[in-house]
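Listed below, chain by chain, are the residues.
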Amino acid sequence: MFQGFYNLTSGMLTQTRKLNVISNNMANVTTPGFKSDTFTQRSFQDELMYRTGNLYKNDPQPIGTMNWKVVADGNVTNYSGGGFSTTVSPLDTCIIGDGFFQVKTADGMVYTRDGSFSLDDEGYLYLSGLGRVQGESGDIKLSSDQITIDADGSIVDSDQGTIVGKLKLVDFADYAAQLTKAPGNAFTATGQTRQAQASVRQNALEDSNVDAISEMTDMMTSQRALQSAAQVLSMYDKLAAKIVEIGPA
């Protein structure tokens, strides 16, 4: 009976972690360029079960495996695109295709699909909460937000008609192996970057790829599993208390 304590507790912990992932997805339904995560789990301590006879037990036959616990395995990020919405800000930029913007932070380079740019106090193209957006030649300095951004990422000063910079779009050979989620709706990366085969669109932002209906369904399922495990665990606790009260025969 006491094995049930371990089974139910591991199930409750696993469902709690799953709910944390779902909650984070739901909180970022409207975050530009956000990529949702899917929580994965696995069985733990698989054991091979045997069948033996009632009288003769010298020839056991394997009948399958049984696992005692379900534990967290990790999160899998969905990198698929989420469509885009038009905006009125000339600095808002959306990537069409595969690739990422490169942003320089205090801790190094990060990569994001969030193109809700602004200008910092010194006039550099900036992504709030992260740092300066990188161009082909480094930081991009603008005299104003009166610009035109071409499909290839070239930034043209509308007043002077000159190119003042070009957005650097990078891509990776293996997202799952090279990218790790970082704070601020961004990713850190290992390995070499490559030139992204993508274009950009001005006055637009990529939508989050979170499916709110699917997330809500998963949330209700996890909540019910968590509540059921908690109720059964309470029953186990009461039975254990009764055993202590009765004592040995």
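This text goes with the structure placed above it.
Residues numbered from 1 in each chain as written. Predicted model: local features only at pLDDT ≥ 70, side-chain atom pairs only at ≥ 80, totals over all residues. Heavy atoms only, no water.

### Considering the nonpolar core
Convention followed: Buried Ala, Val, Leu, Ile, Met, Phe, Trp, Tyr and Cys residues that are joined via side-chain atoms within 4.5 Å together make up what is termed a nonpolar core. Note on exposure labels: buried denotes an accessible area under 20% of the residue type's maximum, exposed denotes more than 50%, and partly exposed covers the range between, all computed with a 1.4 Å probe on protein chains only. Where helices and strands are cited, they refer to DSSP runs of H or I of at least four residues and of E of at least two residues respectively, numbered from the N terminus. Here, two residues are considered to be in contact whenever any of their heavy atoms come within 4.5 Å of each other.
If you look at the biggest cluster of nonpolar residues, it comprises 20 residues, and the most contacted ones within it are Phe117, Leu125, Leu142, Ile155 and Leu167. Secondary structure elements with two or more residues in this core: β5 (100-105), β8 (125-127) and β11 (147-149). Excluding residues that lie within four positions of it along the chain, Leu167 makes contacts with Thr93, Phe101, Phe117, Leu125, Val133, Gln134, Gly135, Glu136, Ile140, Ile149, Gly153 and Ile155. Counting residues in hydrophobic clusters, the runner-up holds seven residues, among them Phe100, Tyr111, Phe172 and Phe187.

### A look at the pattern of salt bridges
Put simply, the rule is: By definition, a salt bridge exists where a carboxyl oxygen of Asp or Glu is found within 4 Å of a side-chain nitrogen of Lys or Arg.
Following the criterion strictly, the structure yields seven salt bridges and no others. For Lys35, the salt bridge goes to Glu206, with nearest N and O atoms at 2.6 Å. With Lys35 in the loop between α1 (3-27) and β1 (37-51) and Glu206 in strand β19 (residues 204-206), this pair connects stretches of sequence that are 171 residues apart. In this structure Lys35 comes out as buried when scored by relative accessible area, which is 2%. One salt-bridge network, in which partners are shared between bridges, spans Lys104, Asp120, Glu122, Arg132 and Asp139.

### Some remarks on unusual backbone geometry
One non-glycine residue, Asn185, lies in positive phi territory at about 60 degrees. Among the secondary structure elements, Asn185 is positioned in the loop between β15 (179-182) and β16 (186-189). Phi at Asn203 is positive, roughly 55 degrees, even though this residue is not glycine.

### Brief notes about the side chain of Asp37
As a reminder, the rule being used: Within 3.5 Å is the distance limit for a polar contact, defined as a pair of N or O atoms, with the added protein rule that one can donate a hydrogen and the other accept it, and that residues adjacent in sequence qualify only through two side-chain atoms.
Relative to the helices and strands, Asp37 is located in strand β1. For Asp37, a relative accessible area of 11% puts it in the buried group. A distance of 2.7 Å separates polar atoms of two side chains, one belonging to Asp37 and the other to Thr77. At 3.2 Å, the side chain of Asp37 and the side chain of Lys181 are in polar contact. Excluding residues that lie within four positions of it along the chain, Asp37 makes contacts with Val21, Asn25, Asn75, Val76, Thr77, Lys181 and Glu215.

### Considering the packing of aromatic side chains
This is how the line gets drawn: Whether two aromatic rings pair depends on their centres lying within 6.5 Å, for rings of Phe, Tyr and Trp, where Trp uses its six-membered ring; planes under 30 degrees apart make the pair stacked, over 60 edge-to-face, and the rest tilted. By the criterion adopted, a ring carries a charge over it if an Arg CZ or a Lys NZ lies within 6 Å of its centre and within 35 degrees of its normal.
Here the structure, examined in full by the defined rule, presents seven aromatic pairs. On the basis of an interplanar angle of 70 degrees and a centroid distance of 5.9 Å, the ring pair of Phe100 and Phe187 is categorised as edge-to-face. Remark: Phe187 occurs in strand β16 and Phe100 occurs in strand β5; sequence separation between them is 87 residues. Under the relative-accessibility criterion, Phe100 is labelled buried at 3%. On the basis of relative accessible area, Phe187 is assigned to the buried category, the value being 2%. Each residue in the set Tyr79, Phe100, Tyr111, Phe172, Tyr175 and Phe187 is aromatic and connected to the rest through ring pairs, giving one cluster. Above the ring of Tyr124, the side-chain terminus of Arg132 is found at 3.9 Å from the ring centroid.

### Thoughts on the environment of Ile163
Note on placement: Ile163 falls in strand β13 (residues 163-166). When the C-alpha atoms of Ile163 and Ile147 are compared, they prove to be 9.4 Å apart, with 16 residues separating the residues in sequence. Residues contacting Ile163, with those up to four places away along its chain left out, are Ile155 and Val156.

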